[in-house]
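The residues making up each chain are set out below.
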Amino acid sequence: MTLEILLCLVVVFTTLENVFQKMYNFNTNSQKMGFFGFNFIILLASLISFLFMPKSENPIPLDIYVYAGAFAVTYLSARFCTILAMGEGALSLTSLVVSYSLLIPTLYGVFFQHDNLDTFNIIGLILLLISLYLVGSAKNTGVVTKKWFFYIIIAFIGNGLCATIQKMYQLKSSGDFKSEFMIIALAIIAVVSMLLTLFKEKKLSVPKLKNGGYLAIGIGIANALMNFFAMMLAKYPAAIVFPTIQGGGMVLIYIVSKFCFKEKLNWNQNVGFCIGVLSLIFLNM
């Protein structure tokens, strides 16, 4: 597949994840699934999806367990610290800071993979950061506490390292063992998530599975496909790939939010959307 097709697929499946998540958030049924149970079903669906994806014919190397384990740790850290940060307040600011974590794999590409950035790419990256700030800005961001700062730093680093570790292993394995890598990582994450579900929510009842379970399955399948295609992008410059995915996803989410969910967007968000489109043009020149 070409770079353009892979980028489009990653953006589309990322957007589907967000749409299903938004549908779950809009569900006000008192019997809907709790956070931990919902995430466990997502991970289980994603894990099962990877079991049906193409596998390598080569023997699985031992180092895959190290990289997959590191991915699992960073994923869990990012996921749960983001939720904890949101619980401490500053919801819009939390989302904004997490979105800036794309800088980690981007800088990894520039300094360790020697990705070349021309003037247009640099302008595009700056415009994207401005766009993300405008889209994520709000009048009432809440109080920034020491706990929030601690959680958001871990979420920022964890989220950025997830993509970086994925890329590192794909480059090391010459693009092999995509499914195997994710199966091992997701198995670890799913076990931890299951234990948290049993500890925090005691059990997954049938009524709760009916009120959110199908959305969790949809997110899990979309996440699996997104990760699979994202790993195929490892051979391309990270400094272009990750900002383009972030910007493209933001644009598509804007369109879905405005025309499908009929959300009212403020002036900053509308301007941010326009700058985001402009940033994508510069990033791909």
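Residues numbered from 1 in each chain as written. Predicted model: local features only at pLDDT ≥ 70, side-chain atom pairs only at ≥ 80, totals over all residues. Heavy atoms only, no water.

**Q** What exactly am I supposed to notice about the side chain of T164 here?
**A** Among the structural elements, T164 can be located in helix α7 (residues 146-172). With residues near it in sequence (within four places) discarded, T164 still touches I104, P105 and Y108. (Helix = DSSP H or I, 4+ residues; strand = E, 2+ residues; numbered from the N terminus. Contact = heavy atoms within 4.5 Å.)

**Q** Teacher, can you tell me more about the nonpolar core here?
**A** General note: in soluble globular proteins, nonpolar side chains tend to be found buried as a group. Among the nonpolar cores identified, the biggest contains 38 residues, and F50, F71, F181, M182 and L233 are the most heavily contacted of them. Put simply, the parts of the chain that give this core at least two residues each are α1 (3-26), α2 (35-51), α3 (63-87), α7, α8 (178-201), α10 (213-231) and α11 (238-259). No other element matches α8, which puts eight residues into this core. For M182, the residues in contact, after removing those within four places along its chain, are F50, F71, Q166, N227 and M231. Formed by eleven residues, the second largest nonpolar core is a distinct cluster that contains L96, L125, L280 and L283. (Core = buried A, V, L, I, M, F, W, Y, C linked by side-chain atoms within 4.5 Å. Buried < 20%, exposed > 50% of the residue type's maximum accessible area, 1.4 Å probe, protein only.)

**Q** Quick question: what am I supposed to make of the packing of α3 against α8 here?
**A** For any two helices packed against each other, the geometry is given by the interaxial angle and the distance between the axes. Running from amino to carboxyl end, α3 crosses α8 at an angle of 45 degrees, the nearest separation of the two axes being 8 Å. By the angle between their axes, α3 is oblique relative to α8. Crossing of α3 against α8: the hand is right-handed. Of the residues in α8, those touching α3 at I64, Y65, Y67, A68, G69, F71, A72, Y75, L76 and F80 are E180, F181, M182, I184, A185, I188, I189, V192 and L196. Looking at the contact of α3 with α8 residue by residue, the class counts come to 17 nonpolar, one polar and one charged. (Axes fitted to C-alpha atoms, helices over the stretch in contact; angles between N-to-C directions. Parallel < 35°, antiparallel > 145°, perpendicular 65-115°, else oblique. Left-handed = near helix turned anticlockwise from the far one by under 90°. Nonpolar A, V, L, I, M, F, W, Y, C, P; charged D, E, K, R; others polar.)

**Q** Honestly, the side chain of S101 in this entry has me stumped. Any pointers?
**A** Looking at where S101 falls in the secondary structure, it is placed in the loop between α4 (91-99) and α5 (103-111). Ignoring sequence-local partners within four residues, the contact set of S101 consists of F156, N159 and G160.

**Q** Sorry, what's going on with helix α12 (residues 267-283) here?
**A** The α-helix advances 3.6 residues per turn, and as a result positions three or four apart in sequence lie on the same side. Taking 1.5 Å per residue, 17 residues should reach 24 Å; α12 reaches 24 Å between its end C-alpha atoms and fits that length. Residues Q269, G272, F273, I275, G276, S279, L280, F282 and L283 constitute the buried set of α12. (Expected span 1.5 Å × (residues − 1).)

**Q** How should the packing of aromatic side chains be read in this particular structure?
**A** This structure, assessed with the given rule, holds nine aromatic pairs. With a centroid separation of 5.1 Å and 50 degrees between ring planes, the pair formed by Y67 and Y169 is classed as tilted. Linking Y67 in helix α3 with Y169 in helix α7, this pair joins segments that are 102 residues apart in sequence. With a relative accessible area of 1%, Y169 lands in the buried category. Ring pairing ties together the aromatic residues Y67, F71, Y75, Y169 and F181, which thus form one cluster. (Phe/Tyr/Trp six-rings, centres within 6.5 Å; stacked < 30°, edge-to-face > 60°.)

**Q** I keep staring at unusual backbone geometry and nothing clicks. Help me out?
**A** Excluding glycine, a negative phi dihedral is what most residues carry, and trans is how most peptide bonds are arranged. Backbone geometry places H114, a non-glycine residue, at a positive phi of 55 degrees. Looking at the element boundaries, H114 is found in the loop between α5 and α6 (119-136). You can call H114 exposed: its relative accessible area is 60%. With a phi angle near 60 degrees, F177 is a residue other than glycine that sits in the positive phi range. Position of F177 relative to the elements: it lies in the loop between α7 and α8.

**Q** Whenever I open this one, the environment of S279 confuses me. Can you help?
**A** As for its position among the elements, S279 is in helix α12. Relative accessible area serves as the criterion here: at 0%, S279 is assigned to the buried category. As for S279 and I126, which are separated by 153 residues in sequence, their C-alpha atoms are 7.8 Å apart. Contact partners of S279, with chain neighbours within four places excluded, come to G124, L127 and L128.

**Q** Got a minute to help me understand α11 in this structure?
**A** Relative to the 32 Å expected for 22 residues at 1.5 Å per residue, α11 spans 31 Å between its end C-alpha atoms, a close match to the ideal helical length. Of all 22 residues in α11, 16 are buried; the element is thus mostly enclosed.

**Q** I tried to follow the packing of α5 against α11 on my own but got confused; where do I start?
**A** Two numbers describe how α5 lies on α11: the axes approach to 7 Å, and their chain directions differ by 165 degrees. Our classification of the angle between α5 and α11 gives roughly antiparallel. Considering the relative orientation of α5 and α11, their crossing is left-handed. On the side of α5, the interface is formed by P105, T106, G109 and V110, while α11 contributes A238, A239, F242 and P243. Looking at the contact of α5 with α11, its residues break down into six nonpolar, two polar and no charged.

**Q** Whenever I open this one, the environment of D115 confuses me. Can you help?
**A** The topology assignment puts D115 in the loop between α5 and α6. Apart from residues lying up to four places away in sequence, D115 is in contact with G109, V110, P237, A238 and A239.

**Q** Help me understand the environment of T244, please; the structure alone is not making it clear to me.
**A** Position of T244 relative to the elements: it lies in helix α11. For T244, a relative accessible area of 8% puts it in the buried group. When the C-alpha atoms of T244 and V11 are compared, they prove to be 8.9 Å apart, with 233 residues separating the residues in sequence.

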